[in-house]
Every structure is written in C-alpha cells, then in structure tokens.
Amino acid sequence: MPGFLGLLGMLLLSWLNAAQAQAAGPTERLTVLMASSPSSLDPHRAYTGSDFQIMGHLYDSLAERDLFHPAPGLLSEWQSQDQLLWRLRLTQGRRFADGSPVQARDIAYSLCRWAALNRGNTGLPLSLRRAGVAGDGEVVLELARPFTRMISAFFLIYGVKAPAAFTDASCTPDMPVGLLMLYSPPMGSGPYRIAGVDSGREYRLAAVPPVNGRTAAPFEEVLLRVETESQARVRALADGQADIIEDPPPAPMAYLPGLPHISLTELPTDRTLFLSLNLSGDSPGNPLARGSPALMDTRVRRALTLAINKPLLAQRATDGYGAAANQLGSPGMRGFASDRAQDSYDPAAARSLLRAAGFEAGLTLELLTAPSRGSDGGRTADVLAGMLSAVGIKVNVHRVGREEFRERVRDGRFDMALNLIGIEDGIVLSAYEAMLRPVPMRTIMNPGQYQDAEITRLLAAAETDPAAIDTAVTGIQAVLDRDTPFIPLLHMRDLVLHRADLIVAPRDTGRVFGRAVTPRDGAPVR
C-alpha cells in the first residue's frame, strides 16, 4: 500500500507541475519512453518493433497499414497477374528531406537494397531478379519465384533516396557493395531526421523543414528514450519526464487512467505470447546446446498444454490485459480460425500423459524469460510455474536480460522460453513462414529447430498460389495440433499511457509516436 500511495501522490504532484509548465508556454518536444532499444539504424535492416518505431519517423514505407489492411504509402497502386511480374505506381507529391521528389528510381533502388541486405535473413522469401523503371514512370519488379505476399513486404520496406550511380543494371542479386551505403544511412522522406544518438539509451529526432510542399511534422523534436524497467517508465510519466510510455505494467492500470492528467490508449495489436519448446535435446553438432530429452516426447508437450489454464493465466499474469490464445493469429487477421475451440484445461489428463511417458514421479524443466513487450514476463513465468507444478512438473524460472535471452535461445541452452511474435501484416501464414520454414540454423522464432515435411509442402504451395494461403493455414494448424512444437499462451493488448492533452490515433502496429500523436485542441505541448 505505501508504494501505491507514493506513486499516486507523485502522479498528482506531476499534474500540478505539468499545468505550471504549460502556463509558461510550449517547447514543442514529445518525449517517448521505449521498452527496448533498436537493433539497427539502417532502414533495410529493421526487423524489431523498436527498429520500426524509430524508422517510421525517418522514412515512409512503400505501403502503409490501416489496421491489418494495406493502404497507399509511397506506392499508390500495385498489380500482378502471376505473382512474378509486378507493376507499381508512385504516390505523387512525396519528397525527401532535402526537398527532392521521390521518383520511381528511388523505389527501384529501395527494393533492390532491401533484397540485398535481407537475403537469407528474413521470413519473407523474396527472390528479386530485377527492379527498374518503365517508360511511363512505373516501377517494374520481377521476381525469380512467385510470391503471394508481396504486399506484406511493402509494409516493411522503406523508401530511400537512390545514389546517383544507381541504374537499372545495378539491381542484381549481387548488388555492388558501394551502392548499399552501409556506413551512411540513406535519406528518407519521413517528417524527421536524426539529430543525435546515444546508442541504446536515447535517440533525438528533429523535424525536417516543411519546404517544397512537405507536410509539417507534428512536433519540432521527438526524443525517444530507452527504459527497459516498466515501473521506471511509470515514474517518468508521473514526474513529467515523459509524455508517452509504452508497455505499462499491468498492476497500475487499475488506477492510472482514472487520474485527470493521464489517458490510456489501446493500439491495434498483432502480438502473441507463446511458449517455445526445445525439441532438439542435446545437440551433438552444437556443444552449447542443452534441452530436456523429455520435451522430445509429444505426450509431455501435450501434457504441458493441458496443465495451463490460459484464461486464469491472462487474469493473474496480466490483470486481464491479455486474452487466452489458442492459435498464433489474432481476431481480424487473415487465417484466424474464429470457430476454433479453446484449448482444454485438464490437469488429470496431463498427469496421465506424463505417467504414460515415464514421468510418473514428475520431471524438472527450466523456463527462460526476459522483459517482454506487452506483458510482465516475470509474473507470467511465475504463474506458469505454479500451474505446471500442480501436475508434477517442477519449473525453475531463469530471468535474464534481452541479449542473454537471445544468445541462450539461439544456442539451444534452454528447455522452455517465453517468446513473443508480432504478425505485422495481419496474415497468419507470415508467422508460420518465420517460425516453420526450414532453415539451416536455429532461430529466435524456432529455437527448437522443429521441421515437418507437410508444413514445408504447404508453405511452398502458398508462395506461388494466392488461393492456397487459407488452405495452408488450416493444414499447418492440423499438424501443429498433432505435434505441439510450441504453445500459444496469450494475445497481448497493446497499451500506451500518455498525457491527457495528447491524442494517440495510430492506424497500424508500428507505434510511430510523433507521427501518430497530436495535441488536443487548445492544449499546448510541454
């Protein structure tokens, strides 16, 4: 109770301080606290939510998202008859930070550069053969293999200014390194530019002057600060050091939005918390790898599912800010099975399966967890451990930082791990591509190195035939039900807390605060 009253008093005091600051006049700065730092400042190497959060201020993507549906971005139209040859038309009037217009050659270069930098490292198997400019100003994109989810890639590819040396002939599978501009991030058409970087801690963005028809940025400056501790983000909002905080912890949500100077906004969410299982045991090819042999038995994996009461997990671990998940996709996504029954909770059946697998006396497993966007990973891990202990599975919880979490998962040094996936294009098949497509190495999304021949066949069929996407999702789900290589746990609500005199109205899951935030009428900005 003292902690609650202290934080409540701090919030009320910050309200008075904020009112005094507003009376003194606006400073036109928006300060945002992020839960994690970006992995790259290169627009074509972005792959995490934090990457996109920064890049979205500096660059425009080829297509934008209206919830889970495509909307014009730098491209106004895209057409293909065979999923091999695409014709792309530009949105008119877009300009780069130096005032020069965005041209078709810039789009062609962006496609080529993105494909060159992501070859072999992405869940989007884009096999680009060439990208060039047609006589009528269209961009012509040719793929070596059909790709039904090209628009998914348009969500993730940012437009950048092409170097003077770039020509149609430059766009090859082995694009010259000199054209990639690896050491000087290319120019974008977003409303901000980078003004200062304290890597891993703070990123200062300054508005690009609204010249030559450019739309003015909502704020003169956006300050993105990294604060991994959720309670510290709440305190920063309370004492006026932040205007917006992402991923607030569940507990304060019962009272914070009721305060007059703080508002809560729920964003479109694409994220599912799931339990990764190491199915590879002790890998002879990797001396670091270590996984419990018990998890190689499907009966044990099925027992795990039956022992988890997902609705209760959502309530106890997230205070209701998560919802029980029986599949990776969320409602509204293509491939989400709305008629799919909820997973059964049956601890007696779980104990029976464990006995049949030879673990009548129980077993011990390790659970790896790190700070997770959208959930209180520590609480979730503790509640899971309690549920599994009820059927004879002792769980040792190991809390580690993000980098150690990634290293241990990629090395295979874990039994179970709390993991999170975002399906950014709203197509469930994209998640399966990222998690289940055969790759020669262990990945963060498929650390158990699970593979299945039928899933591989279904993924290959869906790449070339748009009509096969829904069939593939149904077939893959049937295989997953049989094998249980991972366990979906919770669909996470995406929440932000912010000052009440700001309006947060994003249409997508990019959380690009500074573009999606505006002051309320008559409310000055601190």
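Note that the structure is a prediction, hence the values are computed from the model and not measured.

Draft legend 1. Expanded view of the pattern of salt bridges. For the structure shown, the criterion picks out 30 salt bridges. The partner of Arg 299 in a salt bridge is Asp 297, and the shortest N-O contact between them spans 2.8 Å. By relative accessible area, Arg 299 is classed as partly exposed at 34%. Each of Glu 246, Asp 247, Arg 271, Asp 494 and Arg 511 takes part in a single network of salt bridges with overlapping partners.

Draft legend 2. Region of interest: the sheet that holds strand β11 (residues 244-246). Taken in spatial order, the seven strands make up an open sheet running β8-β9-β10-β1-β11-β19-β12, and their pairing is mixed. Two strands bound the open sheet, and with one partner strand each, they are β8 (192-198) and β12 (262-267). Each strand axis lies, on average, 20° off the axis of its neighbour in the sheet, ignoring direction.

Draft legend 3. How the structure looks around the sheet that holds strand β18 (residues 486-492). As summarised here, the arrangement of the six strands in space is β14-β18-β13-β17-β15-β16, forming an open sheet in which the pairing is mixed. A strand with exactly one partner marks an edge of an open sheet, and here the two such strands are β14 (322-324) and β16 (393-399). Between one strand and the next, the sheet's axes are offset by a mean angle of 30°, whatever the strand orientation. In this sheet, β18 lies alongside strand β13 (residues 271-277) in antiparallel orientation, the contact comprising five bridges. When the bridges of β18 are listed, Leu 273 appears paired with Leu 490. Each of β14 and β18 is contacted by helix α8 (residues 310-318), which is oriented at about 50° to β18, the strand it contacts most.

Draft legend 4. View of the pairing of strand β19 (residues 494-499). Of all the six residues making up β19, six are buried; the element is thus mostly covered by neighbouring parts of the structure. Summarising the sheet, β11 and β19 pair through three bridges and their orientation is antiparallel. Of the residues in β19, the one forming a bridge with Glu 246 is Val 496. Here β12 runs beside β19; their pairing, made up of six bridges, is antiparallel. In the sheet register, Ser 263 faces β19, and the bridge partner there is His 498.

Draft legend 5. Just unusual backbone geometry, in detail. Notably, Gln 83 is not glycine yet its phi reads approximately 65°, a positive angle. Position of Gln 83 relative to the elements: it lies in the loop between β4 (75-80) and β5 (85-90). Look at Thr 484: it is not a glycine, yet its phi comes out positive at around 50°. The residue Thr 484 is located in the loop between α14 (468-483) and β18 in this model.

Draft legend 6. Structural view of the side chain of Asn 446. Topologically, Asn 446 is positioned in the loop between α12 (428-436) and α13 (453-464). A relative accessible area of 12% places Asn 446 in the buried class. A distance of 3.1 Å separates the side chain of Asn 446 from the backbone oxygen of Met 435, its partner in a polar contact.

Draft legend 7. Expanded view of the state of the cysteines. All told, the structure shown has one disulfide when counted by the stated rule. A sulfur-sulfur separation of 1.9 Å characterises the disulfide bridge that pairs Cys 112 with Cys 171. Here the disulfide of Cys 112 and Cys 171 is left-handed, its torsion about the S-S bond being about -100°. Separated by 59 residues along the polypeptide, Cys 112 in helix α3 (residues 104-118) and Cys 171 in the loop between α4 (150-156) and α5 (177-180) bring together distant segments of the chain. Relative accessible area serves as the criterion here: at 4%, Cys 112 is assigned to the buried category.

What counts and how
Residues numbered from 1 in each chain as written. Predicted model: local features only at pLDDT ≥ 70, side-chain atom pairs only at ≥ 80, totals over all residues. Heavy atoms only, no water. Salt bridge = Lys/Arg side-chain N within 4 Å of Asp/Glu carboxyl O. Buried < 20%, exposed > 50% of the residue type's maximum accessible area, 1.4 Å probe, protein only. Pairing = 2+ DSSP bridges. Helix = DSSP H or I, 4+ residues; strand = E, 2+ residues; numbered from the N terminus. Axes fitted to C-alpha atoms, helices over the stretch in contact; angles between N-to-C directions. Contact = heavy atoms within 4.5 Å. Polar contact = N/O pair within 3.5 Å; in protein donor to acceptor, adjacent residues only side chain to side chain. Disulfide = S-S within 2.5 Å.

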